[in-house]
Amino acid sequence: QLILVESGGGLVQPGGSLRLSCSASGSTLGSHAVGWFRQESGKQPEGVSCISASGGSTTYADLVKGRFTISRDNVKNTVYLQMNSLKPEDTAVYYCAARTFRDYSLCTAYKRDFGSWGRGTPVTVSS
């Protein structure tokens, strides 16, 4: 069983930065692509970013390109999301998820392919 735990969320001012962490236990995260998703209150979850198992490829949603950076340290069994130039519309609960189905080492746009999810960490961007 692959267990994921997010951390690093909190309250930040517009224009500020925050780094989220996704730590895994129970299995080796390095075998899986990992995605970050976010869910605004009352809205559907949306994909934010994804990194392949090796870290060799990354993807970003258009709304966060140039501001967010995903990375991973497979020795530490951890994936990170560095968020800069934060905007109020970035306010959401952020989840990390490991792809467990199909070609699980690679990123995918399909949320259903991610079978292991953390409980989320809330991020609030407000002055």
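In what follows, the accompanying structure is described. (Residues numbered from 1 in each chain as written. Predicted model: local features only at pLDDT ≥ 70, side-chain atom pairs only at ≥ 80, totals over all residues. Heavy atoms only, no water.)

## Structural notes on the state of the cysteines
Thought 1: Considering all chains together, one arrives at 2 disulfides under this definition.
Thought 2: Paired by a disulfide, Cys22 and Cys96 hold their sulfur atoms 2.0 Å apart. Of note, the bridge from Cys22 to Cys96 carries an S-S torsion of about 70° and is right-handed in sense. Separated by 74 residues along the polypeptide, Cys22 in strand E3 (residues 18-25) and Cys96 in strand E9 (residues 92-99) bring together distant segments of the chain.
Thought 3: Across the disulfide, Cys50 is cross-linked to Cys107 (sulfur-sulfur distance 2.2 Å). An S-S torsion of about -100° defines the bridge between Cys50 and Cys107 as left-handed. On the criterion of sequence distance, the pair formed by Cys50 in strand E5 (residues 46-51) and Cys107 in the loop between E9 and strand E10 (114-117) is long-range, its members being 57 residues apart.
Thought 4: Sequential numbering of the bridged cysteines in the protein gives the disulfide pattern 1-3, 2-4. (Disulfide = S-S within 2.5 Å. Helix = DSSP H or I, 4+ residues; strand = E, 2+ residues; numbered from the N terminus.)

## Section: the nonpolar core
Thought 1: Formed by 25 residues in total, the largest nonpolar core has its most connected members in Trp36, Leu81, Met83 and Tyr94.
Thought 2: At the level of secondary structure, the elements contributing two or more residues to this core comprise E3, strand E4 (34-39), E5, strand E7 (68-73), strand E8 (78-83), E9 and strand E11 (121-125).
Thought 3: If near-sequence neighbours (up to four positions away) are discounted, Leu81 is found in contact with Leu18, Arg19, Leu20, Trp36, Val48, Ser49, Phe68, Thr69, Ile70 and Tyr94.
Thought 4: Formed by 5 residues, the second largest nonpolar core is a distinct cluster that contains Ala33, Phe37, Cys50 and Phe114. (Core = buried A, V, L, I, M, F, W, Y, C linked by side-chain atoms within 4.5 Å. Buried < 20%, exposed > 50% of the residue type's maximum accessible area, 1.4 Å probe, protein only. Contact = heavy atoms within 4.5 Å.)

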